[in-house]
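Structural description and commentary
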Amino acid sequence: MYAVRIILWTGTMAYTGFLLTGQGLRTFNSLSITEACLGALTGFLLAIMFILRERRRRRPALIIYSIAQMFPNWGISDENRGSHQKPKR
């Protein structure tokens, strides 16, 4: 799946870069080749970006439990635990 995505993005963007030169096939020169290479590089980087985005979305969330579940006794001090003692006078 990932290889297909890389090939399609790279090929499509290379062709788009070639078309954006506006020179056509008759004047196939270094400008056309440069634009096609830049388009291919852009397509490759876009494919990598979308692959990493998809992998990141498939991962579980960073925090899947609430803080109250992780630390059930967090707000309770040691003085409030146990039996109530009478204050000293």
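See the structure printed just above.
The text that follows walks through the structure, step by step, so that each part is easy to find. All values derive from a computational prediction rather than experimental measurement. (Residues numbered from 1 in each chain as written. Predicted model: local features only at pLDDT ≥ 70, side-chain atom pairs only at ≥ 80, totals over all residues. Heavy atoms only, no water.)

A few words on the overall build of the protein chain. The helix and strand inventory of the protein chain stands at 3 helices and 0 strands. Across the protein chain, helices and strands are ordered from the amino to the carboxyl terminus as α-α-α. Taking all 89 residues of the protein chain together, 15% fall into the buried category. The long-range share in the protein chain, meaning contacts at least 24 apart out of those at least 6 apart in sequence, stands at 60%. Only carbon and sulfur atoms are counted for the fraction: they give 64% of the accessible area of the protein chain, which is about 8,100 Å². (Helix = DSSP H or I, 4+ residues; strand = E, 2+ residues; numbered from the N terminus. Buried < 20%, exposed > 50% of the residue type's maximum accessible area, 1.4 Å probe, protein only. Contact = heavy atoms within 4.5 Å. Areas by Shrake-Rupley, 256 points an atom, 1.4 Å probe, with all protein chains shown as cover.)

Here the focus is the packing of helix H1 (residues 2-20) against helix H2 (residues 30-58). Helix-helix packing is characterised by the crossing angle of the two axes and by the distance between the axes. Here H1 crosses H2 at 145 degrees, and the two axes come no closer than 7 Å. Pair H1 / H2 crosses with right-handed handedness. Here the residues of the contact of H1 with H2 are counted per class, giving 14 nonpolar, 6 polar and 5 charged. (Axes fitted to C-alpha atoms, helices over the stretch in contact; angles between N-to-C directions. Left-handed = near helix turned anticlockwise from the far one by under 90°. Nonpolar A, V, L, I, M, F, W, Y, C, P; charged D, E, K, R; others polar.)

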